Amino acid sequence: MIRHVKSFEISSEGVEELRFLLHGPVGAGKSSIINTIKTVFEGHHYINCLTASALTGDSFTTKFEKFTIGQFAFYDVMGLEQGEYRGVHLDDIVSAVKGHVPEDYIFKPNAAIDKYNTQYINEPTLNDQIHCLVSVIPADKIAMIDDDVIEKMKKIRKAASDIGVPQVLFMTRVDQVCTMTQRDITKIYQSRKIKEKMMECSNRLGVVMNCIFPVKNYSDDNNPNEKLNCLMLEALTQIVRAANAYVKKNYMKNISMNE
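Residues numbered from 1 in each chain as written. Predicted model: local features only at pLDDT ≥ 70, side-chain atom pairs only at ≥ 80, totals over all residues. Heavy atoms only, no water.

Bringing the side chain of S191 into the picture now. You can see S191 is positioned in the loop between α5 (179-183) and α6 (192-205). With a relative accessible area of 4%, S191 lands in the buried category. Within polar-contact distance, the side chain of S191 engages the backbone nitrogen of I194 at 3.1 Å. Discounting residues that sit within four places of it in the chain, S191 has contacts with C178, M180 and T181. (Helix = DSSP H or I, 4+ residues; strand = E, 2+ residues; numbered from the N terminus. Buried < 20%, exposed > 50% of the residue type's maximum accessible area, 1.4 Å probe, protein only. Polar contact = N/O pair within 3.5 Å; in protein donor to acceptor, adjacent residues only side chain to side chain. Contact = heavy atoms within 4.5 Å.)

Written out as structure tokens, the structure reads:
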């Protein structure tokens, strides 16, 4: 599975890398997903992307930071929070999806980037845009996520849908809601509790069930875990295919428009 993903060839010659943006509430596990994917690829435990504290509820991510893994680029953003001036501004995420936000841009919760900002990318190319939007929700906290945060996520998804960007949902912390899964991660799709949590995610965010992927991140256990790796690789393979299909479609559309 690792060889297949590493050797994946992007369908469009003009696209340098497939770009993924992870968004969700503070502490959902966005940064941990990037750390886990990097760990799977490099074969040893990797910690570079700082994660939010479950105790303080504060997001360590303050800028639009890129993490390159092979021919894939993962972008981390500040977590969404309740209130208009807390957490990342939803308009910033929408702008990032459309390709208007430059790498390492520092987010300002009280002022979204706009065309008057000198860092704003006025005419983004396919290489500037996000090719797949990944929503991240913790399985053990779905019911506790504030309605305001859910509404922000829905608006971001709607904006992505309007321009045809594919979307999936990674449901993290699955081992915290199911004892069977905690004992054996390979039983995840046999778990009634996990299915219930997936349905809860679907109902709250409007994501279809076949676009929801339950995953587990490396956290307390630093030792390589082949079962955990396979689960993450399955989810990664799906988003890579979705992003590649989007890139191929839009690349061909751009060619036809220029002829």
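That was the structure; now back to the text.
Here strand β5 (residues 167-172) lies mainly inside the structure; six of its six residues are buried. Burial along β5 is two-sided: the residues Q167, L169 and M171 and V168, F170 and T172 are all buried. Direction of pairing for strand β4 (residues 132-138) relative to β5: parallel, over a ladder of six bridges. Within β5, the position partnered with V136 by the bridge is F170. Handedness of the crossover joining β4 and β5 through helix α4 (residues 147-162) is recorded here as right-handed. With three bridges connecting them, β5 and strand β6 (residues 212-214) associate as parallel partners. Note that in β6 the partner of L169 across the bridge is I212. (Pairing = 2+ DSSP bridges. Right-handed = clockwise from strand over helix to strand, strands pointing away.)

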